[in-house]
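# Secondary and tertiary structure notes
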Amino acid sequence: MATAAERLVTIDAAIDSILVKGQSFTIGDMTFTRADLAQLWRMRKELQAEAGRSTRGGMRVRQIIPGEG
């Protein structure tokens, strides 16, 4: 399976295609619609977070406050 960073490249290409060429297009009497742009942006945000976690080695704890939690 592709890594989050590799999938991010694919998502970026799909977003770029929609932004440059449009959401849908027609050839003859057939209309084709590319992936949903809003969903691609959500997926991109999730993949960026996932890629960031994998490069940092997981979650980090910034501060522990005794007696809370």
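Before reading further, recall that the structure is shown in the block above.
This section reports on the structure supplied with the text. The model shown is predicted, which means the values in this text are computed figures rather than measured ones. (Residues numbered from 1 in each chain as written. Predicted model: local features only at pLDDT ≥ 70, side-chain atom pairs only at ≥ 80, totals over all residues. Heavy atoms only, no water.)

## Some remarks on the overall build of the protein
Per the secondary structure count, the protein includes two helices and two strands. Overall, the protein shows an N-to-C arrangement of helices and strands of α-β-β-α. Counting only residues that meet the buried cut, the protein has 14% of its 69 residues in that class. Intrachain contacts of the protein at a sequence separation of at least 6 include 43% that bridge at least 24 residues. As displayed, the protein offers around 5,800 Å² of accessible surface, 56% of which is attributable to carbon and sulfur atoms. (Helix = DSSP H or I, 4+ residues; strand = E, 2+ residues; numbered from the N terminus. Buried < 20%, exposed > 50% of the residue type's maximum accessible area, 1.4 Å probe, protein only. Contact = heavy atoms within 4.5 Å. Areas by Shrake-Rupley, 256 points an atom, 1.4 Å probe, with all protein chains shown as cover.)

## A closer look at the nonpolar core
The nonpolar side chains of soluble globular proteins are, as a tendency, buried together. Judged by nonpolar contacts, Ala-4, Leu-8, Ile-11, Ile-15, Ile-18, Leu-40, Leu-47 and Ala-51 together constitute the single largest core of eight residues. Those elements that provide at least two residues to this core are α1 (4-21) and α2 (37-56). Tallying contributions element by element places α1 first for this core, with five residues. (Core = buried A, V, L, I, M, F, W, Y, C linked by side-chain atoms within 4.5 Å.)

## Considerations on the pairing of strand β2 (residues 30-33)
Pairing between strand β1 (residues 24-27) and β2: four bridges, direction antiparallel. Residue Phe-25 lies in a different strand from β2, and its bridge partner there is Phe-32. Taken together, β1 and the strand that follows it, β2, pair antiparallel across an intervening segment of two residues, in which Gly-28 is found at a positive phi of about 65 degrees. (Pairing = 2+ DSSP bridges.)

## Here we look at the packing of aromatic side chains
Inspection of every chain in the model, using the stated rule, returns one aromatic pair. An angle of 25 degrees between the planes, with centres 5.3 Å apart, marks the rings of Phe-25 and Phe-32 as stacked. (Phe/Tyr/Trp six-rings, centres within 6.5 Å; stacked < 30°, edge-to-face > 60°.)

## Observations regarding the environment of Glu-46
Tracing the chain through its elements places Glu-46 in helix α2. Sequence-wise, Glu-46 and Leu-8 are 38 residues apart; in three dimensions their C-alpha atoms are separated by 9.4 Å.

## Observations regarding the environment of Phe-32
Along the chain, Phe-32 turns up in strand β2. Filtering out sequence-adjacent residues up to four positions away, Phe-32 remains in contact with Gln-23, Ser-24, Phe-25 and Ile-27.

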